[in-house]
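Letter by letter, the chains look like this.
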Amino acid sequence: MVKRIDTDPVQNHNALGVAISSEPGTIHVDLAKIFQNMQSSAFPANVQFDGGSIDQDAIQKIVAKISSLLVAEIGNVAAHESQHSSDFHGLYQKGLPFSNAREQPAIDFGNQIQRQFFG
């Protein structure tokens, strides 16, 4: 269960922008990294600035893109961590150490949920 969202930078260099911390119930959301990723993203063709005044459609598209990225990243992390919980439960039932849990199945499940439900 998520109890706290921490927006401190994520130290893991290959984290996409969201990573679960080692503390139970805390999700780290590295907003700076997400916005850096946004800068390299292509915006829809109708995003434009007219004569020095900000186009309201552009603002809406930018906010929608950032919001959808945040939702997709958090969905990925929640699925990833739920896979770990399932794996840890299975290992516990078999009397095996948690160190036997593998990371790749959780990564794959998180990515699958992100693709399937968040585009």
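Since we're looking at a predicted model, the values are computed, not measured.

Describing the overall build of the protein
Helix and strand counts for the protein come out as 3 helices and 5 strands. Shown N-terminal to C-terminal, the secondary structure of the protein runs as helices and strands in the order β-β-β-α-β-β-α-α. Counting contacts in the protein only where the partners sit at least 6 residues apart, residues at least 24 apart contribute 38% of the total. When the accessible surface of the protein is summed, it comes to about 8,100 Å², and 56% of that surface belongs to carbon and sulfur atoms.

As for the side chain of H84
Structurally, H84 can be placed in helix 2 (residues 56-94). When its relative accessible area of 9% is taken as the criterion, H84 is described as buried. Here H84 is in contact with R102, E103 and A106, once residues within four sequence places are set aside.

Regarding the side chain of N76
Examined against the element boundaries, N76 turns out to sit in helix 2. Residue classification places N76 among the buried positions, given a relative accessible area of 8%. The contacts of N76, once residues within four sequence positions are left out, are G110, N111 and Q114.

Describing helix 3 (residues 104-118)
With 15 residues, helix 3 extends 20 Å between its outermost C-alpha atoms, agreeing within 8% with the 21 Å of an ideal straight helix rising 1.5 Å per residue. Restricting attention to buried positions, one finds in helix 3 the residues A106, G110, I113 and Q114. Around the axis of helix 3, the buried residues are gathered within 100 degrees of arc, so they sit on the same side. Projecting away from the buried face of helix 3 at angles above 90 degrees are the exposed residues R115 and Q116. Two residues or fewer past helix 3, G119 is found with a positive phi of approximately 75 degrees.

Brief notes about the pairing of strand 3 (residues 26-29)
Side-chain alternation along strand 3 places T26 and H28 on one buried face and I27 and V29 on a second face that is also buried. Sheet analysis places strand 1 (residues 4-6) next to strand 3, joined by 3 bridges and oriented parallel. Across the sheet, residue D6 finds its bridge partner in strand 3, namely H28.

Observations regarding a nonpolar patch on the surface
Together, V71, F117 and F118 line one region of the surface with nonpolar side chains, adding up to about 290 Å² of accessible area. One can find F117 in helix 3.

Description of the confidence of the model for the protein
Averaged over every residue, the pLDDT of the protein is 76; residues scoring 70 or more account for 71%. Taken element by element, the predicted model of the protein shows its lowest mean pLDDT in strand 4 (residues 49-50) (62) and its highest in helix 3 (91).

About the criteria used
- Residues numbered from 1 in each chain as written.
- Predicted model: local features only at pLDDT ≥ 70, side-chain atom pairs only at ≥ 80, totals over all residues.
- Heavy atoms only, no water.
- Helix = DSSP H or I, 4+ residues; strand = E, 2+ residues; numbered from the N terminus.
- Contact = heavy atoms within 4.5 Å.
- Areas by Shrake-Rupley, 256 points an atom, 1.4 Å probe, with all protein chains shown as cover.
- Buried < 20%, exposed > 50% of the residue type's maximum accessible area, 1.4 Å probe, protein only.
- Expected span 1.5 Å × (residues − 1).
- Arc of directions from axis to C-beta.
- Pairing = 2+ DSSP bridges.
- Patch = residues over 30% accessible without salt bridge, like charges linked within 9 Å, V, L, I, M, F, W, Y side chains within 5 Å.
- Salt bridge = Lys/Arg side-chain N within 4 Å of Asp/Glu carboxyl O.
- pLDDT = per-residue confidence, 0-100.

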